[in-house]
Structure formats: structure tokens, C-alpha cells
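# Reading the structure
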Amino acid sequence: MSYQSLIEAQRTFFHSNVTKDIHFRLKQLRKLLAVLKENEPLLYKAIHEDFKKSEFDTYTTELSLVYHDIKEAIQMLPKWAKKKRTRTNLVNVPGKSYIIPEPLGVCLVIGAWNYPYQLSLAPIVAAIAAGNTVVLKPSELPANTSVAMAKILNTAFEENFIKVIEGGIPETTELLSCKFDKIFFTGSTTVGKIVYQAAAKNLTPVTLELGGKSPVFVTRDADIDNSAKRIVWGKFLNSGQTCIAPDYILVESSVQEKLLGSMKSYIEKFSYSFANENYIQIVNERNMKRLSKFIDKDKVYVGGKIHEEERFIEPTILRDVSFADKVMQEEIFGPILPVISFDSLDKAITQVKQGAKPLACYIFTNDAKIKEKILQEVSFGGGQVNDTLMHVVNYHLPFGGVGDSGIGSYHGEAGFKVFTHYKSILEKPFFGEPNLKYPPYSKNKLSWIKKILSF
Ligand code: NAD
């Protein structure tokens with residue numbers, strides 16, 4: 001079936017109103033949960049074949065988040081999908097006002113490779129909950145996970161409701177030339193711009209979950225040992241291939257040595273390796289080459305070794321880095337952590353603000369004034385004080401970027417909202433209407449209108 005015919009079939013199904021029924025949506029969400037659980041062994045096998053990701057990491061960083069999103073949607077859907085009453089202003093009395101959440105229609109979800117299950121499936125959960133049909137194009141780079149998702153979803157669901165299309169740039173380009181009612185994209189800022197341009201041709205609304213260089217501030221009053229532990233964990237999880245991974249550290253110079261020493265000891269303690277199932281391969285050769293160029297041998301403090309064949313790069317810390325260095329020119333997206341020291345917090349903040357708005361920012365401090373200053377002055381998608389990454393698993397916090405790091409946010413009700421149009425309705429009875437708005441006009445009518453509108 002051509003993409004165009006598939007989209008037409010999904011649109012016909014959408015117009016049949018079946019997906020608008022809450023019971024249908026709940027049933028599909030339960031079914032999704034069941035088929036994913038049933039097929040967990042296949043999902044674990046595929047991701048391990050792609051980049052040696054362990055069951056522990058796959059469950060904690062991918063499936064558990066998807067399961068949570070499904071369960072929350074099942075529990076909260078009746079409330080989220082409910083018509084909401086709102087106030088009616090005086091000029092419209094008698095009347096009542098309400099907002100109807102309605103699904104957008106046929107949605108395209110494009111996934112990224114670094115958390116292939118979570119980033120493809122969590123948006124689908126939100127799209128189903130909101131009552132849409134979905135075409136999913138997972139990333140082609142972890143090929144086995146893409147095959148696994150296609151096999152599971154294309155077997156469990158009718159293609160006029162959910163269809164996984166596998167492929168790379170040509171397939172995505174062709175899909176983007178079709179008219180969708182919503183595009184939800186996760187990936188790089190560069191490709192995000194291509195998606196946005198394609199969507200503009202059809203005025204299709206987009207959610208863009210993009211990347212960026214997420215800074216970590218560490219100030220002298222922070223608990224340095226705990227900061228080191230939490231930064232090392234957040235940076236080297238998934239071998240640094242996390243959109244919200246700490247990209248670089250800005251540390252107050254008086255505590256730099258202590259922080260470096262502590263981070264080194266945690267890297268040793270955590271003992272990162274494939275065998276210990278706490279480290280994954282770099283996704284492909286191209287990224288191995290790209291990352292290798294960031295390792296300036298003269299600045300290596302820890303690690304720095306590259307094992308080409310195994311696609312393994314040691315957890316690496318670079319010290320005495322400056323903003324002019326190569327490693328600071330683009331998002332790292334790998335296990336290399338540059339450390340830049342500062343004496344003036346104002347100057348450090350200015351440097352961050354000169355770059356694109358990051359997806360995340362982490363602030364390690366015990367000083368409330370410093371915390372407030374950074375939170376007030378630096379714009380970023382979301383972040384944390386005194387920890388890394390964990391904000392993405394607080395389901396009460398919408399997750400998304402700002403500026404170059406994205407448009408829109410999701411998870412929980414925020415996800416439901418991005419796949420929903422809120423239709424505003426004013427309903428009036430046929431009685432009780434004052435005659436003020438109808439001609440013929442008069443001074444008397446105008447003075448009444450002025451009085452009413454001043455409320
Ligand atoms: P990418 O932009 O290269 O690819 C993402 C998707 O776009 C893939 O499905 C790919 O097939 C498709 N694609 C690639 N090039 C294309 C083109 N020219 N035209 C049309 N489609 C194209 O991103 P990636 O390498 O998969 O992921 C890494 C980036 O994603 C990083 O910048 C990271 O920060 C970001 N990211 C963001 C989030 C988030 O939630 N904000 C999550 C994960 C990753």
C-alpha cells in the first residue's frame with residue numbers, strides 16, 4: 001500500500017468516529033500494554049543486538065516509562081477527555097460555555113535512535129489516548145528495535161489505526177510530503193527544521209523534541225561528592241547518548257580539583273563495561289568518528305581510549321576546556337564530558353546564554369540565591385537542582401525544549417494535549433436575548449453596551 005493510500009485509509013477510519021469513543025481508546029491502550037509485556041523478550045533481544053543495551057537499562061530507561069504513560073492514560077483518560085465547563089461573560093448571558101477536547105486525526109510520529117522504544121512508543125500512547133490514528137516511523141539506526149516494533153505493532157493493530165513504517169531518510173522524506181493532522185518528531189535540531197518546513201506546507205501542527213548542549217553548573221557550596229556521583233551517573237548512562245545528558249560542566253574554580261577527583265572515583269566505582277551491563281555501544285561508525293574528534297589527548301583527565309571494533313569509548317573527562325574547543329561546538333551525545341572552570345558566575349551564565357537554548361540545565365548548589373539566579377537568567381527546556389536526568393521520570397512535569405531544543409512538551413496530560421484540539425463552544429437558548437446588538441443602533445443601546453462590556 002502506498003503511503004498516500006495508507007493515510008487515506010487511516011483518515012477514513014478516523015472519520016468513522018470509532019477512535020473518538022473513550023472505550024475504544026482504553027481498549028487499545030490495554031492492548032498495547034499487553035502486547036508489549038508479552039513481547040518483552042523480543043524487545044530485550046533486539047536492543048541488545050543493536051547496541052548491547054541490558055535488560056536492566058532497557059526496563060528502567062525505556063519500557064517502564066512507556067508502561068507508566070499507558071497506565072496513567074488509562075486511569076486519567078475519562079478526566080482528560082471530558083468536556084470542560086467554563087464561565088460565560090455577561091454579554092453572552094443567558095448561555096453556557098464549554099471546551100471539547102477532540103482528536104486531531106491522522107498523526108505521524110518520527111522516533112530517534114537513542115532510546116528507540118521509549119521515544120517511539122510514548123508519543124503513540126499519547127496519540128491513542130487522545131483518539132487519533134498513528135503512522136510511526138522509528139529510527140532506522142538501531143535496525144533490530146525498528147523491526148521488533150514493526151512486528152509487534154503491525155501484528156496487533158489494524159493498519160488503518162496504527163501502522164509502523166520502517167525506513168530512513170527517503171521513507172521519512174516521502175512521508176513528510178503527505179498531509180498529516182499532526183507531526184510529532186524526536187531528533188536533532190537540524191532534522192527538526194526539515195520536519196517543520198515540511199509541516200508548514202500543510203499547516204500541520206508539530207511537536208519537536210530536539211537536542212542541545214545541556215550545561216551543569218557546580219558552585220563551591222555544593223555537596224561535591226554527591227554532585228560528582230549524580231553527574232557521572234547522568235552523563236554515562238546509555239554511554240552519554242541521552243538528549244538531556246549533562247553535555248559539559250561549568251565548575252567554580254575553587255572546587256574544580258575536588259569535583260574532578262570525585263568524578264574519577266565514581267567512574268571507577270561504577271565500572272562501566274558491556275559485561276557489567278551498564279554501558280552500551282556507540283550507535284554506529286559515523287558517530288564513533290564524530291566523537292573521536294572531540295577527544296583532545298592533551299586535555300584527557302580520565303578515559304579517552306577508543307575501541308573501534310567494539311564501538312566502545314571509555315567514559316572520558318576532559319579538563320581545562322574552553323568554549324572555543326571543538327568539543328564545545330556541537331551537542332556531544334556520547335561519553336565525553338568537558339569541564340570548564342569559572343571564577344565569575346555572571347560570565348559563565350553569559351557564555352551559556354550566547355549559545356542556543358539547551359534542552360536541560362543542572363544546577364548543583366546549596367545556595368538559594370545562586371539557584372534562583374540561574375533559574376531566572378538561563379532559558380532551557382527543563383532541568384534539576386542537585387541531580388541529573390530524573391526530571392524526565394517525574395510524570396507530573398511536562399517534558400520538552402525551548403527555542404533550538406524544541407517546540408511543545410509531553411508525557412502525562414501534556415502528551416494528551418499535544419494530540420488534542422480544544423474546541424471552544426458557546427451555547428445559547430432561543431430565549432432571553434437582549435436586543436442590543438441588532439440594528440437599528442441607538443445612543444441608548446451604545447450606553448448599555450458600554451456598561452456591559454466594562455464588566
Ligand atoms: P536525527 O534527527 O538524525 O533522526 C531522527 C529521525 O529523523 C530518524 O527517524 C531519522 O530517520 C529521521 N531523519 C534523519 N535525517 C532525516 C532527513 N534528512 N529528512 C527526514 N528525516 C530524517 O536524530 P537522531 O540522531 O536519531 O537523534 C539524536 C538527536 O535527537 C540528538 O540531537 C538528541 O538530543 C535528540 N533527541 C531529543 C530528544 C528529546 O526528547 N528532546 C530525545 C532523544 C534524542
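Everything that follows concerns the structure shown earlier in this document.
Residues numbered from 1 in each chain as written. Predicted model: local features only at pLDDT ≥ 70, side-chain atom pairs only at ≥ 80, totals over all residues. Heavy atoms only, no water.

### Comments concerning the overall build of the chain
Rules: Secondary structure elements are taken from DSSP: a helix is a run of H or I of four residues or more, a strand is a run of E of two residues or more, and numbering for both begins at the N terminus. Note on classification: 1.4 Å probe, protein chains only; a residue is buried when its accessible area is under 20% of the maximum for its type, exposed when over 50%, partly exposed between these limits. Contact definition: two residues touch when any of their heavy atoms are within 4.5 Å.
When you go through the chain residue by residue, the secondary structure sums to 15 helices and 20 strands. Seen through its C-alpha atoms, the chain measures out along the principal axes to roughly 85 × 55 × 35 Å. Buried positions account for 53% of the 455 residues belonging to the chain. In the chain, of all internal contacts separated by at least 6 residues, the share reaching a separation of at least 24 is 72%.

### Points about the environment of Asn-366
Along the chain, Asn-366 falls in the loop between strand S15 (360-364) and helix H13 (368-377). Expressed as a C-alpha distance, the spacing of Asn-366 and Ala-414, which sit 48 residues apart in the sequence, is 31 Å. With residues near it in sequence (within four places) discarded, Asn-366 still touches Asp-221, Ala-222 and Asp-223.

### Structural notes on the environment of Pro-440
Mapping Pro-440 onto the fold places it in the loop between strand S20 (420-427) and helix H15 (443-453). Distance in space between the C-alpha atoms of Pro-440 and Val-327 is 72 Å, their sequence separation being 113 residues.

### Describing the packing of helix H4 (residues 55-80) against helix H5 (residues 116-129)
Let me state the cut-off plainly: Fitted lines through C-alpha atoms give the axes, limited to the stretch in contact for helices. The angle between two N-to-C directions lies from 0 to 180 degrees. Oblique is the label for any angle not covered by the other classes, which are roughly parallel (under 35 degrees), roughly antiparallel (over 145) and roughly perpendicular (65 to 115). For this classification, Asp, Glu, Lys and Arg are treated as charged, while Ala, Val, Leu, Ile, Met, Phe, Trp, Tyr, Cys and Pro are nonpolar and the rest, including Gly, are polar.
It is the contact of H4 with H5, at a shortest axis distance of 9 Å, that shows an interaxial angle of 5°. Here H5 runs roughly parallel to H4, going by the angle between their axes. For the pair formed by H4 and H5, the contact residues are Thr-58, Thr-61, Glu-62, Leu-63, Leu-65, Val-66, Asp-69, Ile-70, Ala-73 and Leu-77 on the first element and Pro-116, Tyr-117, Gln-118, Leu-121, Ala-122, Val-125 and Ala-129 on the second. Considering only residue class, the contact of H4 with H5 consists of 12 nonpolar, 3 polar and 2 charged.

### Quick look at the sheet that holds strand S13 (residues 316-318)
To be explicit about the condition: Strand pairing is assigned whenever DSSP detects at least two bridges linking the two strands.
Read from one edge to the other, the open sheet built from 7 strands follows the order S10-S13-S14-S9-S8-S15-S16, with strand pairing classed as mixed. The outermost strands of the open sheet, each flanked by one partner alone, are strand S10 (300-302) and strand S16 (382-385). The mean angle between the axes of side-by-side strands here comes to 25°, regardless of whether they run parallel or antiparallel. Sheet topology places strand S8 (residues 215-218) next to S15; 3 bridges connect them, and they run parallel. Residue pairing across strands places Val-218 opposite Phe-364, the latter belonging to S15. Contacts between helix H9 (residues 224-236) and the sheet are confined to S8, strand S9 (248-252), S13, strand S14 (336-342) and S15, with S14 contributing the most and set at about 145° to the helix.

### Regarding the packing of aromatic side chains
The condition is simple: Each Phe, Tyr or Trp ring, with Trp reduced to its six-membered ring, pairs with another whose centre is within 6.5 Å; inter-plane angles below 30 degrees give stacked pairs, above 60 give edge-to-face pairs, and intermediate values give tilted ones.
Summed over all chains, the structure comprises 17 aromatic pairs. Relative to Phe-24, the ring of Phe-13 lies with its centre 6.1 Å away and its plane at 65°, an arrangement referred to as edge-to-face. Within this pair, whereas Phe-13 is found in helix H1 (residues 3-15), its partner Phe-24 is found in helix H2 (residues 22-38), the two being separated by 11 residues in sequence. You can call Phe-13 buried: its relative accessible area is 16%. Exposure remark for Phe-24: the relative accessible area of 15% places this residue in the buried category. With centroids separated by 6.0 Å and ring planes inclined at 65°, the aromatic side chains of Phe-157 and Phe-161 adopt a geometry described as edge-to-face. Here Phe-157 falls in the buried class, since its relative accessible area comes to 5%. Looking at Phe-161, the relative accessible area reads 4%, which means it is buried. Each residue in the set Phe-236, Tyr-266, Phe-270, Tyr-272, Phe-274, Tyr-279 and Phe-312 is aromatic and connected to the rest through ring pairs, giving one cluster.

### Observations concerning the site of the ligand
For clarity, the threshold we go by: For each residue, the test is whether any non-hydrogen atom lies within 4 Å of the molecule or strand; if one does, the residue is near. Pairing of N or O atoms within 3.5 Å defines a polar contact, subject to two protein rules: one partner must be a possible hydrogen donor and the other a possible acceptor, and residues neighboring in sequence count only if both atoms are side-chain atoms. Residue exposure ignores everything except the shown protein chains as possible cover, and the areas themselves are Shrake-Rupley values with a 1.4 Å probe.
As a matter of local geometry, the ligand sits amid 25 residues, with Trp-113, Glu-140, Ser-188, Leu-210 and Glu-331 nearest to it. The separation between an oxygen atom of the ligand and a polar side-chain atom of Trp-113 is 2.7 Å. Lys-137 is positioned such that a nitrogen or oxygen atom in its side chain is 2.8 Å from an oxygen atom of the ligand. Calculation on the ligand without its partners gives an accessible area of 830 Å², and the protein chains cover 90% of this total. Of all the secondary-structure elements, those providing two or more residues to the shell around the ligand are helix H7 (169-176), strand S6 (182-186) and helix H8 (189-201).

### As for the packing of helix H3 (residues 40-51) against H4
What counts here: Whether a crossing is left-handed or right-handed is set by the direction in which the near helix is turned from the far one by less than a right angle, anticlockwise for left-handed and clockwise for right-handed.
Look at H3 against H4: their axes get within 11 Å of each other, and the N-to-C directions meet at 125°. Considering their axes alone, H3 and H4 lie oblique with respect to each other. The hand of the H3/H4 crossing is right-handed. Mapping the contact onto sequence places Glu-40, Leu-43, Tyr-44 and Ile-47 in H3 and Glu-55, Thr-58, Tyr-59, Glu-62, Leu-63 and Tyr-67 in H4. Per-class residue counts for the contact of H3 with H4 are 6 nonpolar, 1 polar and 3 charged.

### Concerning the sheet that holds strand S5 (residues 162-164)
Spatial ordering of the open sheet is given by S5-S4-S3-S6-S7-S18, a layout of 6 strands whose pairing is mixed. With partners counted over all chains shown, the strands left at the sheet margins are S5 and strand S18 (406-407), one partner each. By the bridge criterion, 4 bridges tie strand S3 (residues 106-110) to S6 in an arrangement that is parallel. Paired with Ile-110 across the strands is Phe-185, a residue of S6. Sheet strands in contact with H1 are S3, strand S4 (133-137) and S5, and its direction is about 150° off that of S4.

### Considering the pairing of S16
Put simply, the rule is: We call a crossover right-handed when, viewed with both strands directed away from the observer, the connection leading from the first strand over the helix to the second proceeds clockwise.
Of the two faces of S16, only the one carrying Gly-382 and Gln-384 is buried; Gly-383 and Val-385 on the other face are not. Of the strand pairs in this sheet, S15 and S16 are connected by 4 bridges, and their pairing is parallel. Counterpart to Ile-363 in the pairing with S16 is Val-385. Handedness of the crossover is the feature at issue here: the chain leaves S15, passes through H13, returns alongside S16, and the resulting connection is right-handed.

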